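An overview of the molecular structure
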Amino acid sequence: MALTWPLVLAVLAGALMHAGWNALVKSSTDKTLDTALLHAIAAALTWPLALLLGPPPAQAWPFLAASLTLHIGYYFALAGAYQHGELGLTYPIMRGLAPLLVAAASAAVLGETLGPGAWAGVLAIAFGVALVGLSRPAAALQQHKAMAFALANAAIIAAYTLVDGRGVRESGDALRYTVWLFALDGLPYPLLVLWHRGAQARPQIAAYVRGRWKLALIGGAASLGSYAIALWAMTRAPVASVAALRETSVLFAALIGTLWLGERFGLQRALGTLAIVGGVIALRLG
């Protein structure tokens, strides 16, 4: 398998979609509810297609079950990270460390070994993601609970990436695997949010949904498209390379934040951008 330029461009497009729906959540007044609404809509979008396509082959179901279980852990760890620390601290740690863990485990789990050039690309992208995302690196030393949740979630992200990378290959059908993953994964988190907020919050939730569902529909479609592209690419290129490329979404999120949300870019993010671009080129050439 080789990482060709068309694959690189496809995964980068998926990373832009991922950054887009994250920016929608970031711009919301209720990020937890917005995330739940987005997942519910993504599931609603995929259930008709899932029934039309039919279930994936039997050999894919153990991987789907493992991925769904890991995603529940992901939601809890994500909530813990955001409860005890800032988005600008925890998100880059989770997204930057995960591809390094995927690359380290790929040989044992998938039988894929990266060459020196590809390793250089993975390291450069992870470093660039940290530079772009971490606005205050020193804060990481003071927010111990947030760091613990973020590090745990990086491991979970790496685990479900490896599981899905193997599962989509066993399935032999990236679209069917992705559709069923989203159809099933879109149910637990919204139900957990509804249960946690209780019956008394349902009128406020209904009002929020009425005012936000159109944007959430765009976000749900972007989330589905982004991961579908990534899983399809994993059937044609090394999983570690695709996972690293996908984390360029942090750079796209920073650019969206600068252009749309009025956030500062600055020298640190510019240096991180150069590292990410160099990493993408190294991945392709390596």
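Rules and cut-offs
- Residues numbered from 1 in each chain as written.
- Predicted model: local features only at pLDDT ≥ 70, side-chain atom pairs only at ≥ 80, totals over all residues.
- Heavy atoms only, no water.
- Helix = DSSP H or I, 4+ residues; strand = E, 2+ residues; numbered from the N terminus.
- Rg over C-alpha atoms; globule rule 2.2 N^0.38 Å.
- Buried < 20%, exposed > 50% of the residue type's maximum accessible area, 1.4 Å probe, protein only.
- Phe/Tyr/Trp six-rings, centres within 6.5 Å; stacked < 30°, edge-to-face > 60°.
- Core = buried A, V, L, I, M, F, W, Y, C linked by side-chain atoms within 4.5 Å.
- Contact = heavy atoms within 4.5 Å.
- Salt bridge = Lys/Arg side-chain N within 4 Å of Asp/Glu carboxyl O.
- Axes fitted to C-alpha atoms, helices over the stretch in contact; angles between N-to-C directions.
- Parallel < 35°, antiparallel > 145°, perpendicular 65-115°, else oblique.
- Left-handed = near helix turned anticlockwise from the far one by under 90°.
- Nonpolar A, V, L, I, M, F, W, Y, C, P; charged D, E, K, R; others polar.
- pLDDT = per-residue confidence, 0-100.
- Patch = residues over 30% accessible without salt bridge, like charges linked within 9 Å, V, L, I, M, F, W, Y side chains within 5 Å.
- Areas by Shrake-Rupley, 256 points an atom, 1.4 Å probe, with all protein chains shown as cover.

1. Remarks on the overall build of the chain
Tallying secondary structure elements over the chain gives 12 helices and zero strands in all. Starting at the N terminus, the α and β elements of the chain follow one another as α-α-α-α-α-α-α-α-α-α-α-α. Here the C-alpha radius of gyration of the chain, 18 Å, is about what a compact globule of 286 residues would show, namely 19 Å. By its C-alpha atoms, the chain is 55 × 45 × 30 Å across when sized along the principal axes.

2. Observations concerning the environment of Leu 194
One can find Leu 194 in helix H8 (residues 188-197). Judged by its relative accessible area of 36%, Leu 194 is partly exposed. Separated by 158 residues in sequence, Leu 194 and Ala 36 place their C-alpha atoms 8.9 Å apart.

3. Remarks on the packing of aromatic side chains
Summed over all chains, the structure comprises four aromatic pairs. The interplanar angle of 70° and the centroid separation of 5.7 Å between the aromatic rings of Trp 61 and Trp 180 together place this pair among those described as edge-to-face. With Trp 61 in helix H3 (residues 61-84) and Trp 180 in helix H7 (residues 174-185), this residue pair connects regions lying 119 residues apart in the sequence. What makes Trp 180 buried here is its relative accessible area of 10%. Plain terms: the ring middles of Tyr 74 and Tyr 160 are 5.8 Å apart, the flat faces sit at 90° to each other, and that makes the pair edge-to-face. With a gap of 86 residues between them, Tyr 74 in helix H3 and Tyr 160 in helix H6 (residues 144-171) connect regions that are remote in the sequence.

4. Some points on the nonpolar core
Among the nonpolar cores identified, the biggest contains 71 residues, and Tyr 177, Leu 245 and Leu 283 are the most heavily contacted of them. Excluding residues that lie within four positions of it along the chain, Tyr 177 makes contacts with Ala 60, Phe 63, Leu 64, Ser 67, Val 163, Asp 164, Gly 167, Val 168, Ser 171 and Leu 231.

5. Remarks on the pattern of salt bridges
Scanning all chains against the criterion turns up six salt bridges. Residues Glu 247 and Arg 95 are paired through a salt bridge, measuring 3.0 Å at the closest nitrogen-oxygen approach. With a gap of 152 residues between them, Glu 247 in the loop between helix H10 (239-246) and helix H11 (249-260) and Arg 95 in helix H4 (residues 87-110) connect regions that are remote in the sequence. Like Arg 95, Glu 247 is buried.

6. Things to note about the packing of helix H2 (residues 31-53) against H7
One way to put it is that H2 packs onto H7 with a least axis distance of 7 Å and a crossing angle of 135°. Considering their axes alone, H2 and H7 lie oblique with respect to each other. Between H2 and H7 lies a crossing whose hand is left-handed. Residue-level inspection shows His 39, Ala 42, Ala 43, Thr 46, Trp 47, Leu 49, Ala 50 and Leu 53 of H2 in contact with H7, the latter providing Leu 175, Arg 176, Val 179, Trp 180, Phe 182, Ala 183, Leu 184 and Asp 185. Grouping the constituent residues of the contact of H2 with H7 by class yields 12 nonpolar, two polar and two charged.

7. Let's talk about the packing of helix H1 (residues 5-26) against H11
Pairs of packed helices are described in terms of their axes, by the angle between the two and the distance that separates them. Between H1 and H11, whose axes approach to 8 Å, the crossing angle comes to 50°. Relative to H11, the element H1 is oriented oblique. Remark: the crossing between H1 and H11 carries right-handed chirality. Between H1 and H11, the residues in contact are Leu 12, Ala 15, Leu 16, His 18, Ala 19, Gly 20, Ala 23 and Leu 24 and Ser 249, Phe 252, Ala 253, Ile 256 and Trp 260, respectively. Classifying every residue of the contact of H1 with H11 by side-chain character gives 10 nonpolar, three polar and no charged.

8. Here's the deal with the confidence of the model for the chain
Averaged over all residues, the pLDDT of the chain is 87; the fraction at 70 or higher stands at 94%. Summarising per-element confidence for the chain, the mean pLDDT is lowest in H11 (79) and highest in H7 (94).

9. What about the side chain of Asn 153?
Of note, Asn 153 is situated in helix H6. Beyond its immediate stretch of four places on either side in the chain, Asn 153 contacts Gly 73, Tyr 74, Ala 77, Leu 78 and Met 94.

10. Looking at a nonpolar patch on the surface
Residues Trp 5, Val 277, Ile 281 and Leu 285 make up a contiguous nonpolar surface patch of about 400 Å² in total accessible area. With three residues, helix H12 (residues 266-285) is the single largest residue contributor to the nonpolar patch. Along the chain, Leu 285 turns up in helix H12. Residue classification places Leu 285 among the exposed residues on the basis of a relative accessible area of 69%.

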